[in-house]
Amino acid sequence: MRIGELSKRTGTPRRLLRYYEEQGLIVSSRCANGYRSYDEHTVERVMQIRGLLDAGLPTRIIKQILPCLNKPRVIHFSDATPEMIAMLEHERDRMTQRIECLTRNRDAVAEYLDIVRANNSGDSGDRAEGVRENHQGMATAS
């Protein structure tokens, strides 16, 4: 498939796909006319890359761990240095902290929505009354 189709199927801008290729995260072949051509498995690979980037991993780390994410899952550890292991442990811990923060914020939003919905089904008075900010900066009802 050409870069436009890959972009459409993954929701990733073409420019970013070219960057992934420059970084060695994805590979394309070239057609006779010079256009990039990608295999079908590149769609899943781009989605993996985007997920890892969204989790906060830099591309240099993603490049190192991508071979471990191939299907079937075969863990390659011959080049895992103590520094790399420590770095991955640190990144895992950072992801855990982000997940906990996101969970707290999701729960605060859900609580706020529950209260707003309950107030909306009751009287039609001032619905903004009783709203305050909690310590995470999320609006909650009091």
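Residues numbered from 1 in each chain as written. Predicted model: local features only at pLDDT ≥ 70, side-chain atom pairs only at ≥ 80, totals over all residues. Heavy atoms only, no water.

Undergrad: Can you help me understand helix α1 (residues 3-10) in this one?
TA: Note: α-helices contain 3.6 residues per turn, so residues at a spacing of three or four share the same orientation. Of all the residues in α1, the buried ones are Ile-3, Leu-6, Ser-7 and Thr-10. Within α1, the buried residues cover an arc of 100° as seen down the axis, which keeps them to one side. Those residues of α1 hidden inside the fold are in contact with α2 (14-22), β2 (36-37) and α3 (41-54). Trailing α1 by a residue or two, Gly-11 shows a phi angle of about 70°, which is positive. (Buried < 20%, exposed > 50% of the residue type's maximum accessible area, 1.4 Å probe, protein only. Helix = DSSP H or I, 4+ residues; strand = E, 2+ residues; numbered from the N terminus. Arc of directions from axis to C-beta. Contact = heavy atoms within 4.5 Å.)

Undergrad: Mind showing me how you'd approach the pattern of salt bridges here?
TA: If charged atoms from side chains of opposite charge come close, those side chains can pair. Considering all chains together, one arrives at six salt bridges under this definition. The partner of Arg-9 in a salt bridge is Glu-5, with the nearest N and O atoms 3.6 Å apart. Note that Arg-9 and Glu-5 are positioned in helix α1 at a spacing of four residues, about one turn of the helix. Residue Arg-94 is joined to Glu-91 by a salt bridge in which the shortest nitrogen-to-oxygen separation is 3.0 Å. Here Arg-94 pairs with Glu-91, and both are found in helix α5 (residues 82-121), just three residues apart, close to one helical turn. Looking at Arg-94, the relative accessible area reads 29%, which means it is partly exposed. Through salt bridges with shared partners, one network takes in Glu-5, Arg-9 and Glu-40. (Salt bridge = Lys/Arg side-chain N within 4 Å of Asp/Glu carboxyl O.)

Undergrad: Can you help me understand the confidence of the model for the protein in this one?
TA: Reading fine detail from the predicted coordinates is not recommended where pLDDT is low. Summarising the model, the protein shows a mean pLDDT of 82, and 78% of its residues fall at 70 or more. Contacts for the low-pLDDT stretch residues 125-129, under 50 throughout, to residues beyond four places or in other chains number one contact. (pLDDT = per-residue confidence, 0-100.)

Undergrad: Teacher, can you tell me more about the packing of α1 against α2 here?
TA: When two helices pack together, their arrangement is given by the angle between their axes and by how far apart the axes lie. For the pair α1 and α2, interaxial distance at closest approach is 9 Å and the crossing angle is 105°. Classified by the angle between their axes, α1 and α2 sit roughly perpendicular to one another. Only Arg-14, Leu-17 and Arg-18 of α2 make contact with α1, whose side of the interface consists of Ile-3, Gly-4, Leu-6 and Ser-7. Taken together, the residues of the contact of α1 with α2 break down into three nonpolar, two polar and two charged. (Axes fitted to C-alpha atoms, helices over the stretch in contact; angles between N-to-C directions. Parallel < 35°, antiparallel > 145°, perpendicular 65-115°, else oblique. Nonpolar A, V, L, I, M, F, W, Y, C, P; charged D, E, K, R; others polar.)

Undergrad: Can you walk me through a positive patch on the surface in this structure?
TA: A surface patch of like charges, here positive, comprises Arg-2, Arg-14, Arg-15 and Arg-18. Note on placement: Arg-14 falls in helix α2. (Patch = residues over 30% accessible without salt bridge, like charges linked within 9 Å, V, L, I, M, F, W, Y side chains within 5 Å. Areas by Shrake-Rupley, 256 points an atom, 1.4 Å probe, with all protein chains shown as cover. Lys, Arg positive; Asp, Glu negative; His and termini not counted. Charge placed at Lys NZ, Arg CZ, Asp CG, Glu CD.)

Undergrad: What is the right way to look at the side chain of Thr-12 in this model?
TA: As for its placement among the helices and strands, Thr-12 is situated in the loop between α1 and α2. Look at Thr-12 and you get buried, because its relative accessible area is 1%. Looking at Thr-12, its side chain comes within polar contact range of the side chain of Thr-10, at 3.1 Å. A polar contact of 2.7 Å, which involves the side chain of Thr-12, links it to the side chain of Arg-50. Dropping the residues within four chain positions of it, Thr-12 is found in contact with Ser-7, Leu-17, Tyr-20, Val-46 and Arg-50. (Polar contact = N/O pair within 3.5 Å; in protein donor to acceptor, adjacent residues only side chain to side chain.)

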